[in-house]
Amino acid sequence: MGFEGKAAIITGAARGIGGEIAIALAKAGADIVLVDVLPQEEIDAAAKEIEATGVRTLALKADVTSMDQMNEVAAKTVETFGNISILINNAGITRDSLALRMTDEQWDLVIAVNLKGTFVATRAVMRQMMKQRAGKIVNIASIVGVMGNAGQANYSASKAGIIGLTKSMAKELAARNINVNAVAPGFIATAMTDHLADNVKEQMLAQIPLKRFGSVEDVSRAVKFLCSEDSAYVTGHVLHITGGMGM
Ligand code: NAP
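These remarks concern the structure in this document. (Residues numbered from 1 in each chain as written. Predicted model: local features only at pLDDT ≥ 70, side-chain atom pairs only at ≥ 80, totals over all residues. Heavy atoms only, no water.)

**Re empty space enclosed by the protein**
Line of reasoning, step 1. In this structure the tally under the stated criterion is one cavity of 30 Å³ or more.
Line of reasoning, step 2. Of the pockets and cavities examined, the largest cavity occupies roughly 30 Å³.
Line of reasoning, step 3. Take the lining of the largest cavity: its biggest share by element is three residues, from helix 4 (residues 104–132). (1 Å grid on protein atoms, 1.4 Å probe; cavity = no way out; pocket = protein on both sides within 12 Å on 5 of 7 lines; lining within 4 Å. Points joined across faces, edges and corners; volume = space filled by probe spheres on them. Helix = DSSP H or I, 4+ residues; strand = E, 2+ residues; numbered from the N terminus.)

Put into structure tokens, the structure is as follows:
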């Protein structure tokens, strides 16, 4: 599939969308570096599942908001696999509240993990990718970064920021043959969306033309395309994976 010998760093990889992206890239032949803040045992367990596909893994507990920790992730990846071919900026959190009641902590934390974390991880890998004159970076944004969403001023601002960051990095890195794209998922069934009330889920479903929630596989398939040579001439793009919501 063209991914053999390529190392892919995936943040927030121990579960959810990141976990499925890790499996999809591993099945395509990539070596996988799982980065997460969950307990080391949980990251190790996810890595074990991936190793069953026959590829090599590194399971690293690291926080995307820390430049030092992400530099270490990049260094260990190069030391182990000799390259960083793919970065998936997937780690993300929500701290929902109407703006009237939103605390500074809720605002700062979501911007720090989602937006700054994406920049930090990108900065950690870009020197190596520039040296290689090859690389694929895929940022996981969200459709609410395009449409906005009541109760998610912090989250939607972070995801809109990721879209601007994606386009700027695509322009900065294009000369070195590094593609930088984003995906904007709609409602995907994961731990992040599990806790929503049934009436909220029903309201969301009513806005989706394809009349179903997305699966983690819907996202991983699109991300795999953006990491492959099939998308060699695509950069700075934001691919909506929403079942038509928000078009
Ligand atoms: P998830 O199940 O909560 O997985 C996210 C993972 O990232 C968790 O393991 C989380 O650990 C980890 N993480 C959080 N903060 C981190 C940090 N500072 N450094 C490293 N890892 C960190 O979420 P998901 O639904 O799979 O979402 C993945 C991405 O897709 C996110 O960026 C999200 O915004 C985006 N997205 C999701 C949906 C959806 O409907 N699910 C829609 C659009 C976009 P903890 O559990 O300890 O926080």
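**So, the site of the ligand**
Line of reasoning, step 1. Around the ligand, a shell composed of 27 residues is seen, among which Ile17, Asn90, Tyr155, Ile188 and Thr190 lie nearest.
Line of reasoning, step 2. Residue Asp36 places a side-chain N or O atom 2.8 Å away from an oxygen atom belonging to the ligand.
Line of reasoning, step 3. Contact distances for the ligand include 2.5 Å between an oxygen atom and a side-chain N or O atom of Tyr155.
Line of reasoning, step 4. Notes on the ligand: free accessible area 880 Å², of which the protein chains cover 91%.
Line of reasoning, step 5. Judged by its atoms lying within 2 Å of the grid points, the ligand is housed in the largest pocket.
Line of reasoning, step 6. Within the residue set of the shell around the ligand, elements represented by two or more residues are helix 1 (16–27), helix 6 (153–173) and helix 7 (191–194).
Line of reasoning, step 7. Split into classes, the residues belonging to the shell around the ligand amount to 15 nonpolar, eight polar and four charged. (Near = heavy atom within 4 Å. Polar contact = N/O pair within 3.5 Å; in protein donor to acceptor, adjacent residues only side chain to side chain. Areas by Shrake-Rupley, 256 points an atom, 1.4 Å probe, with all protein chains shown as cover. Sits in = over half its atoms within 2 Å of the grid points. Nonpolar A, V, L, I, M, F, W, Y, C, P; charged D, E, K, R; others polar.)

**A word on the packing of helix 1 against helix 9 (residues 216–227)**
Line of reasoning, step 1. Contact pair helix 1 / helix 9: the axes reach a minimum separation of 9 Å and the direction vectors enclose 50 degrees. As summarised for this structure, helix 1 and helix 9 are arranged oblique, according to the angle between their axes. You can see that helix 1 and helix 9 cross each other, and the crossing is right-handed. Contacts between helix 1 and helix 9 involve Gly16, Ile17, Glu20, Ile21, Ala24 and Leu25 from the former and Val216, Glu217, Val219, Ser220, Val223, Lys224 and Cys227 from the latter.
Line of reasoning, step 2. For the contact of helix 1 with helix 9, a count of residues per class yields eight nonpolar, two polar and three charged. (Axes fitted to C-alpha atoms, helices over the stretch in contact; angles between N-to-C directions. Parallel < 35°, antiparallel > 145°, perpendicular 65-115°, else oblique. Left-handed = near helix turned anticlockwise from the far one by under 90°. Contact = heavy atoms within 4.5 Å.)

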